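Structure assessment
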Amino acid sequence: MVKASAPGKLMLFGEHAVVYGKPCIVTAVDHRISASIEERKDKKIIINAPDVGIKNCEIDLNENLENQPKEVRFVFQAIKNFFDKYGISSGLEVTTKSEFSSRLGFGSSSAVTVATLKALSELFSIKMSNKEMFDLGYKTVLDVQGVGSGFDVAAAVYGETIYFRNKGEVIEKLKIDSLPLVVGYTGIKADTPTLVKNLAKKRELYKLIIDRIFEKIETIVENAKIFFSEKHFPALGEMMNFNHGLLNALGVSCKELEILVHTARSVGAYGAKLSGAGGGDCMIALVPEEKKEDVEKVINKYGKVIPAKVNAEGVRIENE
Ligand code: MEV
């Protein structure tokens, strides 16, 4: 049996604009998803995903994706794409396990896709570079959900903190030793594909305005990249505030996110913003050490602090 794990992610800067070829900065978090895979003697492919209530689910790769239970679609498509690419056919027993809820917006779909690909490549002794794993993982995510920039797949493969642009044309590691972040969960599950599609519709109506906002977000990401290298946290906080304001202008924030962002700022965060698609999920606040407790307190009042370490390792084989 082979077990591989991949990290979840937190978007630091550049969400939504990254779908339109602009850059973003994303960090991998220490909440991981694992895929354990072994070959079966028969031709059956059986999936177990106890965290999402899937027990002994038999899949047939010749069937349509749409006929599969939602909870197994990424694993189904990852196996299908891997077998197609490398001309393999085999029975499999797959078990996935997650250290975090898929409701947080930490990128569980991309992490489970990448963990599955890594376990398969190890099981069938196929060498895949990070870029090859990214490309197949990104194709899998697009096959299943139709939209997405691929930044979350890159975070799952490469880990740490990366500057990402244009469907993975540029993937650059940023050197970051520490990042004093507090993560706050709104309690609301956001629907990323719907938020992305709604913004695309809005862009058809207001293209000039929305493209200008994306350009401004790009400037913020480029500035943030420099401030990261200088460890200039007050300026990074300011970049977060600018970025959040523009996301609000795009219409992807919500009352619960606004409350967490504004209360975090009011008790001394350098800056705060929503993280990810918006509409719920999580926000992040960059905080001076001496204000951390105050910020956590207000976030726990209106939402929930999610303990998370940034800069986590990318996909890896787990030796039992
Ligand atoms: C969602 O976490 C981030 C978005 O930019 C979508 C994507 O990049 O795939 C909204």
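Residues numbered from 1 in each chain as written. Predicted model: local features only at pLDDT ≥ 70, side-chain atom pairs only at ≥ 80, totals over all residues. Heavy atoms only, no water.

A separate point is the overall build of the chain. Counting its regular elements, the chain contains nine helices and twelve strands. Radius of gyration (C-alpha) of the chain: 20 Å, near the 20 Å computed for a compact globule of 320 residues. Within the chain, the proportion of its 320 residues that are buried is 56%. At a minimum sequence separation of 6, the contacts of the chain that also span at least 24 residues come to 72%. Split by element, the accessible area of the chain, about 14200 Å² in all, is 48% carbon and sulfur. Of the charged side chains in the chain, 43 are positive and 42 negative, and the gap between their average positions amounts to 2 Å. (Helix = DSSP H or I, 4+ residues; strand = E, 2+ residues; numbered from the N terminus. Rg over C-alpha atoms; globule rule 2.2 N^0.38 Å. Buried < 20%, exposed > 50% of the residue type's maximum accessible area, 1.4 Å probe, protein only. Contact = heavy atoms within 4.5 Å. Areas by Shrake-Rupley, 256 points an atom, 1.4 Å probe, with all protein chains shown as cover. Lys, Arg positive; Asp, Glu negative; His and termini not counted. Charge placed at Lys NZ, Arg CZ, Asp CG, Glu CD.)

In this section: the pairing of strand S6 (residues 161-165). Most of S6 sits inside the fold, with four of its five residues counted as buried. Here four bridges tie strand S2 (residues 24-40) to S6, and the two strands are oriented antiparallel to one another. Paired with Cys24 across the two strands is Phe164, which belongs to S6. Examined bridge by bridge, S6 and strand S7 (residues 170-173) share four bridges and lie antiparallel to one another. Each residue of the ladder has a partner; that of Tyr163, found in S7, is Glu172. Hairpin connection between S6 and S7: a loop of four residues separates the two successive antiparallel strands, and Asn166 in this loop has a positive phi of roughly 50°. (Pairing = 2+ DSSP bridges.)

It is worth spelling out the nonpolar core at this point. Core analysis: the biggest nonpolar cluster contains 110 residues, and Phe13, Ile79, Phe82, Phe83 and Leu92 have the highest contact counts within it. Looking at this core, the element that brings in the most residues is helix H6 (residues 207-229), giving nine residues. If we skip the residues at most four places from it in the chain, Phe13 touches Cys24, Ile25, Ile220, Val221, Ala224, Phe228, Leu236, Met239, Met240, Asn243 and Lys273. (Core = buried A, V, L, I, M, F, W, Y, C linked by side-chain atoms within 4.5 Å.)

With the rule as written, the count across this model stands at 18 salt bridges. Overlapping salt bridges bring together Lys22, Arg165, Glu218 and Glu222 as one network. (Salt bridge = Lys/Arg side-chain N within 4 Å of Asp/Glu carboxyl O.)

Below, the discussion takes up the site of the ligand. All residues adjacent to the ligand are Lys9, Glu15, His16, Val18, Val19, Gly148, Ser149, Phe151, Thr192, Val196, Gly276 and Ala277. In isolation the ligand has 300 Å² of accessible area, and contact with the protein removes 95% of it. Taken together, the residues of the shell around the ligand sort by class into five nonpolar, five polar and two charged. (Near = heavy atom within 4 Å. Nonpolar A, V, L, I, M, F, W, Y, C, P; charged D, E, K, R; others polar.)

Judged by pairing direction, the sheet is antiparallel, and its four strands sit side by side in the order S9-S10-S8-S11 without closing on themselves. The outermost strands of the open sheet, each flanked by one partner alone, are strand S9 (271-275) and strand S11 (304-305). With respect to the sheet, helix H7 (residues 233-250) is in contact with strand S8 (181-185), S9 and strand S10 (282-286), its orientation differing from that of S9 by roughly 45°. (Axes fitted to C-alpha atoms, helices over the stretch in contact; angles between N-to-C directions.)

Here we come to the packing of aromatic side chains. For the structure shown, the criterion picks out ten aromatic pairs. Ring plane angle 35° and centroid distance 6.3 Å describe the contact between Phe82 and Phe124, whose orientation is recorded as tilted. Here Phe82 is found in helix H1 (residues 73-86), whereas its partner Phe124 is found in the loop between helix H2 (108-123) and helix H3 (130-145), with 42 residues between them in sequence. Both residues of the pair, Phe82 and Phe124, belong to the buried class. Following the ring pairs from residue to residue traces out a cluster consisting of Phe82, Phe83, Tyr86 and Phe124. Stacked on the ring of Tyr163, the Lys or Arg Lys225 has its end atom at 4.1 Å from the ring centre. (Phe/Tyr/Trp six-rings, centres within 6.5 Å; stacked < 30°, edge-to-face > 60°. Lys NZ or Arg CZ within 6 Å of the ring centre and 35° of its normal.)

With 18 residues, H7 ought to run about 26 Å at 1.5 Å a step, and its terminal C-alpha atoms sit 26 Å apart, in line with that. Taken together, the buried positions of H7 are Phe233, Ala235, Leu236, Gly237, Met239, Met240, Asn241, Asn243, His244, Leu246, Leu247 and Leu250. Two residues or fewer past H7, Gly251 is found with a positive phi of approximately 90°. (Expected span 1.5 Å × (residues − 1).)

Remember, this is a structural readout, not a statement about activity or role.
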